[in-house]
Amino acid sequence: MGDQEEENYYGKHGTPQKYDPKFKGPIYDRGCTDVACCILLVLAIVGYVVVGIVAWTHGDPRKVIYPTDSRGQFCGHQGTANEGKPFLFYFDIVKCASPLVLLEFQCPTTQICVSQCPDRFMTYLNAYSVPANLQYYRQFCVPEFGDVSKAPIEVLRDKECPAMLFPSTPLARRCLPAIQAKKGVIMVGNETTYDDGHGNRRNVTELLEGARKANVVLEMRQLAMKIFEDYTVSWYWIIIGLVIAMVASLIFIVLLRFLAGIMVWVMIVLVILVLGYGIFHCYMEYAKLKGEAGSDVSLTDLGFQTDLRVYLHLRQTWLAFMIILCVVEVIIILLLIFLRKRILIAIALIKEASRAVGHIMMSLLFPLCTFFLLCLCIAYWASTAVFLSTSNEAVYKVFNESACQFSGQTCSPEKFNTSNVTKLCPDAQCLFAFYGGETAYHKYLIVLQFFNVFMFFWLVNFVIALGQVTLAGAFASYYWAFKKPDDMPAFPLFSAFGRALRYHTGSLAFGSLILAIVQVIRVILEYLDHRLKAADNKFAKFLLSCLKCCFWCLEKFIKFLNRNAYIMIAVYGTNFCTSARNAFFLLMRNIIRVAVLDKVTDFLFFLGKLLIVGSVGILAFFFFTHRIKLVEDTAPSLNYYWVPILTVIVGSYLIAHGFFSVYGMCVDTLFLCFCEDLERNDGSPERPYYMSPELSAILLKGTLEPSKNTDSQG
């Protein structure tokens with residue numbers, strides 16, 4: 001390559017590193033970088049703590065747990081007048097079908113807390129003449145009602161008692177019509193019509209519509225309650241499953257340390273076998289359901305069901321599972337065929353990474369520190385979000401059935417009966433509408449929630465960055481030790497952690513801030529996409545889809561760039577922008593190696609995680625579905641057995657990812673150091689390579705296409 005051509009090439013991709021006899025790995029004599037971002041992070045954390053304190057002062061999580069009556073009082077809460085009244089009763093649930101429910105999230109009818117839901121049809125006009133019935137009826141009147149001699153018309157006019165009762169059942173602590181279907185006919189209490197208390201017979205389907213609008217999320221709440229019940233009886237077995245995943249991951253990593261080549265090929269074969277068994281099992285279930293009643297119903301006809309076990313009785317479900325597994329199996333086999341030579345190279349790099357991890361065994365436990373910090377971030381964000389969302393005050397508004405100029409205005413229950421509103425609008429009521437407020441704090445609650453989400457992303461990315469730069473510093477000290485492990489520092493992991501916190505908090509904050517901004521934009525785009533689902537503007541949907549795709553790609557690129565920038569920060573101690581630029585140009589000068597080597601190792605690590613997750617997931621499936629005869633009676637009875645299975649699968653993936661992330665960071669660090677080593681040295685006695693003889697034997701003998709600068713050196 002000529003001098004002019006070489007100059008043009010390096011002008012596009014930066015200047016390669018020169019030989020420096022004093023360079024011995026991570027630089028210890030370094031200074032603080034990106035101080036402004038460090039100060040900004042500290043100020044943001046202080047502000048975040050202030051927001052949390054303010055939210056905890058004003059918030060009340062009971063608003064999420066307990067239903068509230070028309071005065072904003074909690075039903076069933078201990079120490080209050082409603083302590084023995086856990087259920088919410090609607091005076092006229094038919095009014096809950098009003099569009100106001102969707103606008104105000106509150107039914108325009110009186111709501112009270114009761115000790116039990118009504119179990120019979122009854123009207124106040126009929127109950128008034130029978131003392132026993134009236135005594136039963138009084139428990140569904142407002143607490144202030146005491147004058148039983150008052151004329152029924154006046155009682156109904158003053159909204160002191162409901163006009164009628166109907167059989168109800170408590171659902172999510174709300175009294176809803178006890179609806180049942182017999183031979184396709186909707187009935188409530190074996191009746192198809194009911195007396196509305198005003199002498200009119202009405203169809204019970206009106207109660208059904210009101211119940212639906214009154215409790216838009218009741219089915220999801222009921223589902224959540226059943227899921228919670230499943231967790232309470234299966235948490236012990238879930239922990240055992242996660243421990244099995246952790247032990248399996250640890251054994252796999254230890255074996256990888258000594259038998260890297262064999263373990264990689266064993267892992268590949270086992271992944272293919274596990275997927276093959278999954279295909280076989282899906283086919284057997286598909287064949288077993290042939291001819292069974294209802295098994296040929298399509299997924300589209302069935303629609304969404306909260307009980308996911310229903311889908312397992314459909315042949316189409318198992319057919320879909322089988323097709324997905326077959327596609328995954330074919331893709332993996334094709335990739336293995338085309339990448340078989342590159343896998344040998346990746347195995348050499350994994351062997352080198354195994355030796356590095358073997359000399360720094362504490363690195364395997366470091367993800368626990370990262371996991372603990374991430375749990376703190378998640379817990380603080382979740383608790384702050386709950387307290388912020390429940391820190392509103394009870395807001396009362398005027399509700400009425402006829403036209404009224406005061407409709408929708410705020411009111412005070414204590415002064416409402418003596419105001420002009422009742423004179424101008426006789427049928428108006430002052431009811432609890434929602435939780436809000438008129439103070440500056442309440443007006444900017446949405447801003448505080450946005451700040452809470454933003455800080456969550458920033459701190460989570462910062463914790464991940466801290467873990468990456470710590471591991472990178474430790475593994476870089478291994479690579480740049482000429483005599484391994486004699487030239488390594490005594491505690492490489494703790495030294496790297498101390499350098500990262502002392503000198504590069506600002507740089508980590510800078511990188512994580514950029515990533516957090518992109519992630520928040522993606523959250524906003526997802527929110528807008530959710531809001532536009534019902535819209536007919538195809539251009540807006542298309543534009544939004546393009547933006548979502550672009551920002552998804554941008555997030556992936558920033559994560560890749562940040563990861564390599566943190567390695568350069570750990571080695572050279574430069575600021576974030578300089579490190580990102582140097583890392584990017586170094587990768588561009590070795591783009592072929594990046595494409596065929598670094599990504600092949602990522603693929604192999606993915607297969608390792610897939611093997612652990614698949615094995616533990618299959619074991620959990622057979623256990624929780626009572627298909628293991630030895631422990632058939634030991635497995636708990638569940639509402640949804642997919643709850644613990646999915647929990648074990650997700651938890652197993654996170655555990656396996658935690659262990660393999662150490663190897664992944666080790667491989668990336670060694671790879672970047674390897675590229676630097678090629679530029680700094682030429683393998684001569686005066687400028688020897690720092691890479692191990694085993695690594696140089698396979699990487700420098702024509703197995704990979706050398707980069708341009710190595711051509712010039714050769």
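Since we're looking at a predicted model, the values are computed, not measured. (Residues numbered from 1 in each chain as written. Predicted model: local features only at pLDDT ≥ 70, side-chain atom pairs only at ≥ 80, totals over all residues. Heavy atoms only, no water.)

Overview of the overall build of the protein
What counts is decided by this rule: Helix numbers and strand numbers start at the N terminus; a helix is a DSSP run of H or I with at least 4 residues, a strand a run of E with at least 2. Here the term buried applies to any residue with accessible area under 20% of the maximum for its type, exposed to any over 50%, and partly exposed to those in between, with areas from a 1.4 Å probe on protein chains only. Should any heavy atoms of two residues lie within 4.5 Å, those residues are considered in contact. Methods summary: accessible areas were calculated by the Shrake-Rupley approach with a probe of 1.4 Å, and residue burial reflects only the protein chains presented.
Assigned secondary structure in the protein consists of 26 helices and 12 strands. Going through the 714 residues of the protein one by one, you find that 46% of them count as buried. Sequence separation of 24 or more characterises 73% of the internal contacts of the protein that already satisfy a separation of 6 or more. When the accessible surface of the protein is split by element, carbon and sulfur atoms take 65% of a total near 36,200 Å².

Examining the environment of Ala580
Position of Ala580 among the secondary structure elements: in helix α22 (residues 576-589). Residue classification places Ala580 among the buried residues on the basis of a relative accessible area of 8%. When neighbours within four sequence positions are excluded, Ala580 is seen to be in contact with Leu561 and Ala565.

Structural notes on the packing of aromatic side chains
Two descriptors summarise a pair of aromatic rings, namely the distance from one centre to the other and the angle between the planes of the rings. The condition that has to hold: Working definition: rings of Phe, Tyr and Trp (its six-membered ring) pair if their centres are within 6.5 Å, and the pair is stacked with planes under 30 degrees apart, edge-to-face with planes over 60 apart, and tilted otherwise.
For the structure shown, the criterion picks out 31 aromatic pairs. Aromatic pair Tyr277 and Phe280: ring centres 6.5 Å apart, planes at 45 degrees, arrangement tilted. You can see Tyr277 and its partner Phe280 sitting in helix α10 (residues 260-288), 3 residues apart, about one turn around the helix. Here the aromatic rings of Tyr479 and Trp480 are separated by 5.2 Å at their centres, their planes lie at 75 degrees, and the arrangement is edge-to-face. Taken as a pair, Tyr479 and Trp480 share a single burial class, namely buried. A network of ring pairs unites the aromatic residues Tyr48, Trp56, Tyr380, Phe387 and Phe451 as a single cluster.

Here's the deal with the pairing of strand β2 (residues 111-114)
Put simply, the test is: Any two strands with at least two DSSP bridges between them are considered paired.
Burial along β2 is two-sided: Gln111 and Cys113 and Ile112 and Val114, pointing in opposite directions, are all buried. In the sheet, strand β1 (residues 87-90) pairs with β2 via 4 bridges, with the strands oriented antiparallel. Within the sheet, the bridge partner assigned to Phe89 lies in β2 and is Ile112.

What to know about helix α2 (residues 35-58)
In plain terms, the rule: Given the number of residues in a helix, its expected span is that number minus one, multiplied by 1.5 Å.
The terminal C-alpha atoms of α2 lie 35 Å apart, and with 24 residues this matches the ideal 34 Å at 1.5 Å per residue to within 8%. For α2, the set of buried residues is Cys37, Leu41, Ala44, Tyr48, Val51, Gly52 and Ala55. For α2, the secondary structure elements touched by its buried residues are α14 (366-389), α17 (440-443), α18 (445-479) and α20 (505-531).

Quick word on the pattern of salt bridges
Put simply, the test is: One speaks of a salt bridge when a side-chain nitrogen belonging to Lys or Arg is within 4 Å of a carboxyl oxygen belonging to Asp or Glu.
All chains considered together, the criterion is met by 11 salt bridges. With a shortest N-O distance of 3.1 Å, Asp529 and Lys548 are connected by a salt bridge. Placement of the pair is Asp529 in helix α20 and Lys548 in helix α21 (residues 538-572), with a sequence separation of 19 residues. Judged by relative accessible area, which is 19%, Asp529 ranks as buried.

Brief notes about the environment of Thr57
Here Thr57 lies in helix α2. Distance from Thr57 to Leu388, taken between C-alpha atoms, is 9.6 Å for residues 331 residues apart in sequence.

Let's talk about the confidence of the model for the protein
Which entries qualify depends on this criterion: The pLDDT value expresses, per residue, how confident the predictor is, ranging between 0 and 100.
When the pLDDT values of the protein are averaged, the result is 79; 81% of them are 70 or greater. Considering each helix and strand of the protein separately, the mean pLDDT is smallest for helix α4 (residues 100-104), with a value of 39, and largest for α2, with 93. Across residues 1-11 the pLDDT falls below 50, and counting only partners more than four positions away or on other chains, this stretch makes 12 contacts in the model. Here residues 213-218 is modelled with pLDDT under 50, and outside its nearest four sequence neighbours on either side it reaches 13 contacts, counting other chains as well.

Looking at the nonpolar core
Nonpolar side chains tend toward joint burial in soluble globular proteins. Put simply, the rule reads: Nonpolar cores were defined as sets of buried Ala, Val, Leu, Ile, Met, Phe, Trp, Tyr and Cys residues, with membership established by side-chain atoms within 4.5 Å.
Core analysis: the largest hydrophobic core is formed by 111 residues, its most contacted members being Trp458, Leu604 and Leu607. Top contributing element to this core by residue count: α18, with 19 residues. Residue contacts for Leu604: discarding those within four places in its chain leaves Val264, Met267, Ile268, Ile343, Ala346 and Ile350.

Description of the state of the cysteines
To keep things clear, this is the line we draw: Cysteine sulfur atoms are paired as a disulfide whenever they fall within 2.5 Å.
In the structure shown here, the tally under the stated rule is 3 disulfides. Between the sulfur atoms of Cys75 and its disulfide partner Cys113 the distance amounts to 1.9 Å. Its S-S torsion of about -75 degrees marks the bond between Cys75 and Cys113 as left-handed, since a negative value means left-handed. Taken together, the positions of Cys75 in the loop between α3 (62-65) and β1 and Cys113 in strand β2 put the pair 38 residues apart, joining distant regions of the chain. The pair formed by Cys75 and Cys113 is uniform in burial state, with each residue classed as buried. Covalent S-S linkage joins Cys117 and Cys175, the inter-sulfur distance amounting to 2.1 Å.

Some remarks on the side chain of Thr625
Of note, Thr625 is situated in the loop between α23 (591-624) and α24 (642-680). Look at Thr625 and you get buried, because its relative accessible area is 15%.

Some words on α14
Between its terminal C-alpha atoms α14 stretches 35 Å, which fits the 34 Å expected from 24 residues at 1.5 Å a residue. For α14, the secondary structure elements touched by its buried residues are α2, α17, α18, α19 (492-503) and α24.

Thoughts on the packing of α18 against α21
The cut-off we apply is this: Note on geometry: axes are C-alpha line fits, over the in-contact stretch for helices, and angles between N-to-C directions span 0 to 180 degrees. Relative orientations are named as follows: roughly parallel for angles under 35 degrees, roughly antiparallel for angles over 145 degrees, roughly perpendicular for angles from 65 to 115 degrees, and oblique for any other angle. By definition, any crossing whose near helix is turned counterclockwise from its far helix by less than a right angle is left-handed, and any crossing with a clockwise turn is right-handed. All residues other than Ala, Val, Leu, Ile, Met, Phe, Trp, Tyr, Cys, Pro, Asp, Glu, Lys and Arg, Gly among them, are scored as polar; the first ten of these are nonpolar and the last four charged.
Across the interface, α18 lies against α21 with an axial gap of 8 Å and an inter-helix angle of 50 degrees. Taken as axis vectors, α18 and α21 run oblique relative to one another. Read as a crossing pair, α18 and α21 show a hand that is right-handed. In this structure, α18 contributes Ala465, Gln468, Val469, Ala472, Gly473 and Ala476 to the contact, and α21 contributes Arg563, Tyr566, Ile567, Ile569, Ala570 and Val571. Grouping the constituent residues of the contact of α18 with α21 by class yields 9 nonpolar, 2 polar and 1 charged.

Describing the side chain of Ser363
Put simply, the rule is: Distance and chemistry together define a polar contact, namely a pair of N or O atoms within 3.5 Å, with one atom able to donate a hydrogen and the other to accept it when in protein, and with adjacent residues in sequence counting only for side-chain atoms on both sides.
Inspection of the secondary structure assignment puts Ser363 in the loop between α13 (340-359) and α14. Engagement of the side chain of Ser363 in a polar contact is seen with the backbone oxygen of Ile360, the distance being 2.5 Å. Ignoring sequence-local partners within four residues, the contact set of Ser363 consists of Val357, Leu471, Phe475, Leu493 and Val662.

Structural notes on the environment of Met665
As for its placement among the helices and strands, Met665 is situated in helix α24. Distance from Met665 to Val469, taken between C-alpha atoms, is 9.2 Å for residues 196 residues apart in sequence. Filtering out sequence-adjacent residues up to four positions away, Met665 remains in contact with Gln468, Leu471, Ala472, Phe475, Arg563 and Ile567.

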